[in-house]
Amino acid sequence: MTDKILTEQSGEIARIIFNQPEKRNAVSLEMWEAVEAAVTRFQADPSVRILILSGAGGKAFVSGADVSKFESERASAEAVAHYNATTKRVYDMIEAFPKPTIAQIDGFCVGGGVALALSCDLRICGQGSQFAIPAAKLGLGYGYPGIKRLVDVVGPSFAKEIFFTARRFDAEEARIMGLVNRVVPDDKVAETAEETARMIAENAPMTVASVKYIVGQTVAHESERDLAECDARVKACFDSQDYIEGRRAFLEKRKPEFVGA
């Protein structure tokens, strides 16, 4: 694989780190393929309850595609199709990841970095973070799935502004748009992401997973919604050992120990 994508796990928390700080963590095809392999592995690991995505170096989350690789990776129609199919698979996999995901955003979050962050459930950034989708400055086409994710999060008017102007906007604007969940001091981003992840990991995994699935169904097209599966997941929570543990722990005034079953 590549040393430009790092993976870690501490207890229930897994991490994928984009490790090309000299290029503000711009992403090549090889890196996307490594992310795909890491997501596949963490999804299959029952010990993982939450996934954090971040960028190395403290200056950028992901600054988009590695433009220096365009001639070798995106010069022909076939190469563009292959690159786009790979990135779409990765975004779709992260969005559909059955466990919660957090984008830990330090510094620049541009182009594919915004698309990656939008594929995550939660986004936490520093006060100095900057965002942009510069597709209109590069003449790039941007497909329906990525635009829909943005519209689902910030609404159509802000989505148009982001794409039409292709300008950079700061963390406070991102918060106002609803693009990020929280803005914290730059030196507290990693700490806040870790604290949030641990808080989530301590909760009942089946409840968290069911809510993630059901929220996804609320923004899916009505014809694609599986309400029976929503009901089944709710029932599974009430039938679980974790439900017994949760109510007993509440009555006994102690911290519950959830096992995800």
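A few points on the structure. (Residues numbered from 1 in each chain as written. Predicted model: local features only at pLDDT ≥ 70, side-chain atom pairs only at ≥ 80, totals over all residues. Heavy atoms only, no water.)

### Brief notes about the overall build of the protein chain
When you go through the protein chain residue by residue, the secondary structure sums to 12 helices and 10 strands. For 261 residues, the compact-globule estimate of 2.2 N^0.38 gives 18 Å, and the C-alpha radius of gyration of the protein chain, at 19 Å, lies within 12% of that figure. Here the protein chain, with 261 residues, has 44% of them falling under the buried criterion. For the protein chain, restricting intrachain contacts to residue pairs at least 6 apart in sequence, the fraction spanning at least 24 positions comes to 68%. When the accessible area of the protein chain is evaluated, it comes to approximately 13,400 Å², of which 56% is carbon and sulfur surface. Here the protein chain holds 32 positive side-chain charges and 37 negative ones, and the gap between their average locations is 2 Å. (Helix = DSSP H or I, 4+ residues; strand = E, 2+ residues; numbered from the N terminus. Rg over C-alpha atoms; globule rule 2.2 N^0.38 Å. Buried < 20%, exposed > 50% of the residue type's maximum accessible area, 1.4 Å probe, protein only. Contact = heavy atoms within 4.5 Å. Areas by Shrake-Rupley, 256 points an atom, 1.4 Å probe, with all protein chains shown as cover. Lys, Arg positive; Asp, Glu negative; His and termini not counted. Charge placed at Lys NZ, Arg CZ, Asp CG, Glu CD.)

### So, the sheet that holds strand β2 (residues 13-18)
The pairing of strands in a sheet comes from backbone hydrogen bonds and takes either a parallel or an antiparallel form. The strand order β1-β2-β3-β5-β7-β10 describes an open sheet built from six strands, whose pairing is mixed. Each having just a single partner strand, β1 (5-10) and β10 (182-184) make up the two edges of the open sheet. Averaged over all adjacent pairs, the angle separating strand axes in this sheet is 20 degrees, with direction ignored. Across six bridges, β1 lies against β2 in antiparallel orientation. Along β2, the bridge assignment pairs T7 with I16. Across the face of the sheet, helix α1 (residues 29-44) comes into contact with β1, β2 and β3 (50-55) while running at roughly 180 degrees to β2. (Pairing = 2+ DSSP bridges. Axes fitted to C-alpha atoms, helices over the stretch in contact; angles between N-to-C directions.)

### Points about the packing of helix α3 (residues 77-96) against helix α4 (residues 112-119)
Remark: α3 packs on α4, axes separated minimally by 8 Å, with the N-to-C direction vectors making an angle of 25 degrees. When the axis of α3 is compared with that of α4, the two are roughly parallel. Where α3 abuts α4, its residues Y91, I94 and E95 lie against G112, A115, L116 and S119. Looking at the contact of α3 with α4 residue by residue, the class counts come to four nonpolar, two polar and one charged. (Parallel < 35°, antiparallel > 145°, perpendicular 65-115°, else oblique. Nonpolar A, V, L, I, M, F, W, Y, C, P; charged D, E, K, R; others polar.)

### Describing the sheet that holds strand β9 (residues 169-170)
Spatially, the four strands line up as an open sheet ordered β4-β6-β8-β9, and their pairing is mixed. The outermost strands of the open sheet, each flanked by one partner alone, are β4 (60-62) and β9. Here β4 pairs with strand β6 (residues 108-110) via two bridges, running parallel. Considered in β6, the bridge of V62 is made with C109.

### Considering the side chain of S129
Tracing the sequence through the fold places S129 in the loop between β7 (122-126) and β8 (130-132). Judged by relative accessible area, S129 falls into the buried class, the value being 1%. In this structure the side chain of S129 is engaged in a polar contact, spanning 3.4 Å, whose partner is the backbone nitrogen of G107. When residues no more than four places from it in sequence are discounted, the contact partners of S129 are I105, D106, G107, F169, D170, A171 and D186. (Polar contact = N/O pair within 3.5 Å; in protein donor to acceptor, adjacent residues only side chain to side chain.)

### Side note on helix α9 (residues 189-201)
A rise of 1.5 Å per residue sets the reference length of α9, with its 13 residues, at 18 Å; its end C-alpha atoms lie 18 Å apart and thus fit the reference within 8%. Along α9, the residues that are buried comprise V189, T192, A193, T196, A197, I200 and A201. When α9 is viewed along its axis, its buried side chains cluster within an angular range of 165 degrees and face the same direction. Those residues of α9 hidden inside the fold are in contact with β2, β3, β5 (101-105), β7, β10 and α10 (205-219). (Expected span 1.5 Å × (residues − 1). Arc of directions from axis to C-beta.)

### Section: the packing of aromatic side chains
To describe a pair of aromatic rings, one takes the distance between the centres and the angle between the planes. Applying the stated rule across the entire model yields five aromatic pairs. Between F131 and F169, the aromatic rings sit 5.7 Å apart at their centres with planes inclined by 15 degrees, giving stacked as the arrangement. Taken as a pair, F131 in strand β8 and F169 in strand β9 lie far apart in primary sequence, 38 residues in all. Plain terms: the ring middles of Y142 and F163 are 4.8 Å apart, the flat faces sit at 70 degrees to each other, and that makes the pair edge-to-face. (Phe/Tyr/Trp six-rings, centres within 6.5 Å; stacked < 30°, edge-to-face > 60°.)

### Thoughts on the side chain of D106
Along the polypeptide, D106 turns up in the loop between β5 and β6. Buried and unpaired, D106 has no salt bridge, with R15 as the nearest side chain of opposite charge at 11 Å. Among residues more than four places away in sequence, those in contact with D106 are G58, K59, A60, F61, S129, D186 and V189. (Salt bridge = Lys/Arg side-chain N within 4 Å of Asp/Glu carboxyl O.)

Interpretation in functional terms is not warranted from these geometric data alone.
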